[in-house]
Amino acid sequence: MGKIRCAILGCGNVGSALVSQLAEGHDDIVKRTGVDIEIAGIAVKDVAKHRNTDVDRTLFTDDPFALVDDNSVDIVVELIGGMDPASRLIDMAIGKGKSVVSANKELLARRGSDLLSAAASAGVDLFYEAAVGGAIPVVRLLSESLAAERLYRVSGIVNGTTNFVLSSMSEEGIDYNEALEEAQRLGLAESDPSADVDGYDAAAKAAILAGISYRCDVRLDDVAHEGITKVRAEDVQYARQLGYVIKLLAVTELSRQGDTVPQVSVRVYPAMVPVSHPLASVRGAYNAVFIEGERCGEIMLYGQGAGGAPTASAVMGRSVDAAIKRLAGHRPYASMIPARESVLRAPRARVSPPSDLRCAWYINMDVRDKPGVLAAVAKVFGDNEVSIRSMEQVGMGGEARLVFVTHEAREGDIDQTLEELNGLGAVENIGGILRVFGDNRVR
Ligand SMILES: NC(=O)c1ccc[n+]([C@@H]2O[C@H](COP(=O)([O-])OP(=O)(O)OC[C@H]3O[C@@H](n4cnc5c(N)ncnc54)[C@H](OP(=O)(O)O)[C@@H]3O)[C@@H](O)[C@H]2O)c1
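It should be emphasised that the depicted structure is a prediction, and the values quoted were computed from it without experimental measurement.

1. Details of the overall build of the protein chain
Part 1 of the reasoning: The helix and strand inventory of the protein chain stands at 13 helices and 18 strands.
Part 2 of the reasoning: A compact globule built from 443 residues should have a C-alpha radius of gyration of about 22 Å, and the protein chain, at 24 Å, falls within 12% of that.
Part 3 of the reasoning: Seen along its three principal axes, the alpha-carbon backbone of the protein chain occupies a region of about 80 × 50 × 35 Å.
Part 4 of the reasoning: Within the protein chain, the proportion of its 443 residues that are buried is 47%.
Part 5 of the reasoning: Across the protein chain, the fraction of contacts at a sequence separation of at least 24, relative to all contacts at a separation of at least 6, is 76%.

2. A short note on the pairing of strand β7 (residues 151–157)
Part 1 of the reasoning: Of all seven residues making up β7, five are buried, and the element is well covered by its neighbours.
Part 2 of the reasoning: Sheet topology note: the β7/strand β11 (residues 286–293) ladder contains six bridges and is antiparallel. From the neighbouring strand, L151 faces β11, where its bridge partner is G293.
Part 3 of the reasoning: Sheet analysis places β7 next to strand β9 (residues 244–256), joined by four bridges and oriented antiparallel. When the bridges of β9 are listed, S155 appears paired with V251.

3. Here we look at the site of the ligand
Part 1 of the reasoning: Taken together, 25 residues sit near the ligand, with G10, G12, G81, A103 and A306 positioned nearest.
Part 2 of the reasoning: Of all the elements in the fold, those that place two or more residues in the shell around the ligand are α1 (13–33) and α11 (308–328).
Part 3 of the reasoning: Sorting elements by how many residues they give to the shell around the ligand places α1 first, with three residues.
Part 4 of the reasoning: Across the shell around the ligand, the residue classes break down as 11 nonpolar, 10 polar and four charged.

4. Some remarks on the nonpolar core
Part 1 of the reasoning: Grouped together as the largest cluster of nonpolar side chains are 136 residues, with contacts concentrated most on L18, V77 and A207.
Part 2 of the reasoning: Here the element with the most residues in this core is helix α9 (residues 200–214); it accounts for 10 residues.
Part 3 of the reasoning: Ignoring anything within four residues of it in the chain, the contact list for A207 reads A109, V218, R219, L220, D222, V223 and V266.

5. Re unusual backbone geometry
Part 1 of the reasoning: Cis geometry marks the peptide bond from D84 to P85; its omega dihedral reads 15 degrees.
Part 2 of the reasoning: Note that P85 resides in the loop between β4 (75–78) and α3 (86–95).
Part 3 of the reasoning: Its identity as a non-glycine residue notwithstanding, R215 has a phi of 55 degrees, on the positive side.
Part 4 of the reasoning: Among the structural elements, R215 can be located in the loop between α9 and β8 (224–225).
Part 5 of the reasoning: For R215, a count of 19 C-beta atoms within 10 Å puts it in the partly exposed group.

6. Topic: the packing of α1 against α11
Part 1 of the reasoning: Contact geometry for α1 and α11: axes closest at 9 Å, N-to-C directions at 45 degrees. Classed by the angle they form, the pair α1 and α11 counts as oblique. Where α1 crosses over α11, the handedness of that crossing is right-handed. Packed against α1, whose contacting residues are N13, V14, S16, A17, L18, Q21, L22, G25, I29 and T33, the element α11 presents G308, A309, T311, A312, S313, V315, M316, V320 and I324 at the interface.
Part 2 of the reasoning: Here the residues of the contact of α1 with α11 are counted per class, giving 11 nonpolar, eight polar and no charged.

7. Comments concerning the domain arrangement of the protein chain
Part 1 of the reasoning: In terms of domain boundaries, the protein chain breaks down into domain 1 (2–137 + 309–328), domain 2 (142–305) and domain 3 (354–442).
Part 2 of the reasoning: On a C-alpha basis, the centroid separation for the pair domain 2 and domain 3 is 24 Å.
Part 3 of the reasoning: Opposite the 17 residues of domain 2 that make contact, domain 3 presents 14 residues.
Part 4 of the reasoning: Secondary structure elements with two or more residues in the side of domain 2 that touches domain 3: α10 (233–242), β9 and β10 (263–274).
Part 5 of the reasoning: A total of seven residues in the side of domain 2 that touches domain 3 trace back to one element, the largest contributor, which is β10.
Part 6 of the reasoning: Each residue belonging to the side of domain 2 that touches domain 3 can be placed in one class, and the counts come to 13 nonpolar, two polar and two charged.

Cut-off values and rules
- Once a new chain begins, its residue numbering starts again from 1 and follows that chain's sequence as written.
- Only residues with pLDDT of 70 or above have their local features reported here, since the model is predicted, and side-chain atom pairs are shown and tallied only from 80 upward, although totals for entire chains, interfaces and linings are computed over all residues.
- Working definition: helices are DSSP H or I runs of at least four residues, strands are E runs of at least two. Numbering for both runs from the N terminus.
- For the radius of gyration, the atoms used are the C-alpha atoms, and the globule rule reads 2.2 Å times the number of residues raised to 0.38.
- Exposed residues have 12 or fewer other C-beta atoms within 10 Å of their own C-beta, buried residues have 20 or more, and residues in between are partly exposed; the C-beta atoms are placed from the backbone.
- Contact criterion: two residues are in contact if their C-beta atoms, reconstructed from the backbone, are within 7 Å.
- Pairing between strands is defined by DSSP: at least two bridges between the two strands are required.
- Each residue receives a C-beta atom placed from its backbone. It is near a molecule or strand if this atom lies within 6 Å of it.
- Residues are grouped as follows: Ala, Val, Leu, Ile, Met, Phe, Trp, Tyr, Cys and Pro are nonpolar; Asp, Glu, Lys and Arg are charged; all remaining types, including Gly, are polar.
- A set of buried residues drawn from Ala, Val, Leu, Ile, Met, Phe, Trp, Tyr and Cys, joined through C-beta atoms within 7 Å, is what defines a nonpolar core.
- Only C-alpha atoms enter the line fits that serve as axes; for helices the fit covers just the stretch in contact. Angles between N-to-C directions range over 0 to 180 degrees.
- Here is the rule for angles: anything less than 35 degrees is roughly parallel, anything more than 145 is roughly antiparallel, 65 through 115 is roughly perpendicular, and the remaining ranges are oblique.
- In this scheme the handedness of a crossing depends on how the near helix is turned from the far one: anticlockwise by less than a right angle means left-handed, clockwise means right-handed.
- Residue ranges assigned to each domain were obtained from an automatic or database domain assignment.

Set out below in structure tokens:
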């Protein structure tokens, strides 16, 4: 049996659950793996604060740098979140030859490639399973089990708050504000929900997923993201009538492999997903990642994407891995880095211009209900190479609402179509505009 000393930075939602899980699971871990993980210290901001775990209070310190500097510490688990001081603390831990486990999506999405290459140079592990999908072991699956696979699209529902809001809008027929208030009442949304509802949290996870899936350096700033604040109750109802549900998706695609530098598209947007698609069945605050590869076909992972206990479960699994590998003297596995000894840094990804990307669209508009309007609208679509798959008309007195679903079209052509439609006198208002995802009928 070997002893591993672990410094825990942060004892909030995830940190306190980890401390409890390490105490409860200690004897089992020793029996199963022969590793005795001992907590060397727990860094927090306010040592006097009440904690949801009955850990020895002498372990608390408000000096995380001194804890990381302690030569007896083997593994540093970073659960503070955000950029500073988490970033400096991880640099310091790697510099001192310690293995690191982190759940910090923002840091990994901004500096993941730098940190992984520093860890590889130092010969230590940097694990970040919990940064995407909480308890879902998607990072490990993509980086290890599917290391030899040619993946071409990895997409998913990676933000539980927005999935809860959209599910409530669809299932209860309520509007966005009501659904958000319900999420806040249940503790599933922050009082300032902007990081979730604006798609920022999902964008960080999309960058991480793309980096692992296509073995390149994708950063948060590369991800174009749209949130759910403009999704209207009526679009959710039209989606249902047309056989779709609206989901906020992180979509990463390999546009072109290239010799050394892959070209990728990495985006977050609310999309119409056919009810028959596996992602459509993901309800409430659950997360799922849908993986498509040349040989493996389709794989979907589903589970709890957030919450103290599920997230800590992933952190704990990777901490045990890091401990076992440290004791056994294994070389680190750096999952964003190509498996060539001489190359310690993943190539910077080339990001496809959004205007070149192709997908199908749902477009809903109010027009004057008079002869010739439909033909004029259809001509604008046709002139811009956008083919219409279906159209429904709902009469409303002197106006009519037209609901279109297009075939796949270039995004640049859709933008031009919308611009010209906006200039058409007969078009009163263009309301819902959403991409269609995963529908083979629109190809
Ligand atoms: N919560 C989730 O469901 C979830 C899911 C997936 C990933 N994550 C990630 O997990 C990480 C932790 O999330 P969380 O929800 O546990 O956060 P949290 O509840 O806000 O906890 C943060 C902890 O860090 C401590 N801290 C803050 N600044 C510090 C400083 N300068 N020095 C020392 N300690 C400091 C805080 O101390 P005090 O307690 O004294 O204030 C607190 O214990 C984040 O990276 C987050 O993105 C969270």
